[in-house]
Amino acid sequence: LSDEEMGVAPEEGDDDDMLRSQHNRCTLLANRMLFSTSYYALYIIVIMTNFVLIAWMLSTIFQGKGPSPNHWLFVCLDVGVTMAFVIEIGVQILVYRRRYFQRRSNVFDFCVCVLSLVTLSLYLTSHETRYTEIEDLIALVLISARYLIQFLRLIALISARYLIQFLRLIALIK
């Protein structure tokens, strides 16, 4: 039986310990997710999908068909990519809390993610306005910069992973 079931009042520190324990478990699960091989694979798929979306949007703009594609597949992929990054940033904020905002790249990612959500919600709920092309262009530039930075980070992560494996192999040979 628990202390509550037995009618024993919990000690004041127990609530803090329980909250810390729950946060530690959440942090452990989030770290497992963020550093797993499956996450890297999903990360690559999302970045490649976004490159396709950017190319699709640029193609639509240069063909003079409007500011952004209205095709259902484009919209579904855009929503999926945006939600994937919202979840990723949410998990990172859960893990790192205030430390998340100490890195400029994280602040940039957060701002672009918020902008992506705003742009997506405007796209899904409003009709074309005279500012739509400007909004799309700004969103396109910021999102492209974000994904380019993430792509470069991904290359750095993969390079670091192979470097670590190479160093381990050298250590085994010696």
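Residues numbered from 1 in each chain as written. Predicted model: local features only at pLDDT ≥ 70, side-chain atom pairs only at ≥ 80, totals over all residues. Heavy atoms only, no water.

Asker: Please set out the overall build of the protein residue by residue, giving values where relevant.
Answerer: Secondary structure assignment for the protein yields six helices and zero strands. Written out in order from the N terminus, the α and β elements of the protein read α-α-α-α-α-α. When the 174 residues of the protein are sorted by exposure, 26% land in the buried category. Per element, the accessible surface of the protein, about 12,300 Å² overall, is 66% carbon and sulfur. (Helix = DSSP H or I, 4+ residues; strand = E, 2+ residues; numbered from the N terminus. Buried < 20%, exposed > 50% of the residue type's maximum accessible area, 1.4 Å probe, protein only. Areas by Shrake-Rupley, 256 points an atom, 1.4 Å probe, with all protein chains shown as cover.)

Asker: So, helix α4 (residues 72–96): which residues are in play, and what are the values?
Answerer: Here α4 is 25 residues long and its end C-alpha atoms lie 36 Å apart, about the 36 Å a rise of 1.5 Å per residue gives. Positive backbone phi, approximately 50°, marks Arg97, located one or two places after α4. (Expected span 1.5 Å × (residues − 1).)

Asker: Summarise the packing of aromatic side chains; cite the residues concerned and give the values.
Answerer: Tallying each qualifying case throughout the model produces four aromatic pairs. Between Trp56 and Phe74, the ring centres sit 5.3 Å apart and the planes meet at 80°, which makes this aromatic pair edge-to-face. Of this pair, Trp56 sits in helix α3 (residues 37–62) while Phe74 sits in helix α4, placing them 18 residues apart in sequence. Trp56 gets classed as partly exposed once you look at its relative accessible area, which sits at 25%. (Phe/Tyr/Trp six-rings, centres within 6.5 Å; stacked < 30°, edge-to-face > 60°.)

Asker: Break down the nonpolar core for me, with residues and values.
Answerer: Ranked by internal contacts, the top residues of the largest apolar core, which has 13 residues, are Leu34, Tyr43, Val81, Phe85, Val91 and Val95. The element that contributes the greatest number of residues to this core is α3, accounting for six residues. (Core = buried A, V, L, I, M, F, W, Y, C linked by side-chain atoms within 4.5 Å.)

Asker: Would you mind going over unusual backbone geometry in detail, with residue names and values included?
Answerer: Here the phi dihedral of Arg97 falls at roughly 50°; this positive angle occurs in a residue that is not glycine. With respect to the secondary-structure elements, Arg97 resides in the loop between α4 and α5 (104–125). In this structure Arg97 comes out as partly exposed when scored by relative accessible area, which is 49%.

Asker: I'd love a proper account of the confidence of the model for the protein, names of residues and values included.
Answerer: Mean pLDDT over the protein: 75, with 74% of residues reaching 70 or higher. Taken element by element, the protein is modelled with least confidence in helix α1 (residues 3–6), mean pLDDT 45, and with most confidence in α4, mean pLDDT 87. Segment residues 1–10 is flagged for pLDDT under 50; beyond a separation of four residues in sequence, or across chains, it makes two contacts in the model. (pLDDT = per-residue confidence, 0-100. Contact = heavy atoms within 4.5 Å.)

Asker: Before we move on, can you summarise the side chain of Gln92 with the specific residues and values?
Answerer: Position of Gln92 among the secondary structure elements: in helix α4. Among residues more than four places away in sequence, those in contact with Gln92 are Leu34, Tyr39, Arg97, Tyr100 and Asn106.

Asker: For a nonpolar patch on the surface, give the residues involved together with the corresponding values.
Answerer: Taken together, Phe101, Val107, Phe110, Val114 and Val118 make up a surface patch of nonpolar side chains, about 350 Å² in accessible area. Among the residues examined, Phe101 registers a relative accessible area of 36% and is labelled partly exposed. (Patch = residues over 30% accessible without salt bridge, like charges linked within 9 Å, V, L, I, M, F, W, Y side chains within 5 Å. Salt bridge = Lys/Arg side-chain N within 4 Å of Asp/Glu carboxyl O.)

Asker: Which residues make up the packing of α3 against α4, and what values go with them?
Answerer: When two helices pack together, their arrangement is given by the angle between their axes and by how far apart the axes lie. For the pair α3 and α4, the least separation of the axes is 10 Å and the interaxial angle reads 140°. Classified by the angle their axes make, α3 and α4 are oblique. Crossing of α3 over α4 shows left-handed handedness. The residues of α4 that touch α3, namely those facing Tyr39, Tyr43, Val46, Ile47, Thr49, Asn50, Leu53, Trp56 and Met57, are Leu73, Phe74, Leu77, Asp78, Val81, Ala84, Phe85, Glu88 and Gln92. Of the residues that constitute the contact of α3 with α4, the class distribution is 13 nonpolar, three polar and two charged. (Axes fitted to C-alpha atoms, helices over the stretch in contact; angles between N-to-C directions. Parallel < 35°, antiparallel > 145°, perpendicular 65-115°, else oblique. Left-handed = near helix turned anticlockwise from the far one by under 90°. Nonpolar A, V, L, I, M, F, W, Y, C, P; charged D, E, K, R; others polar.)

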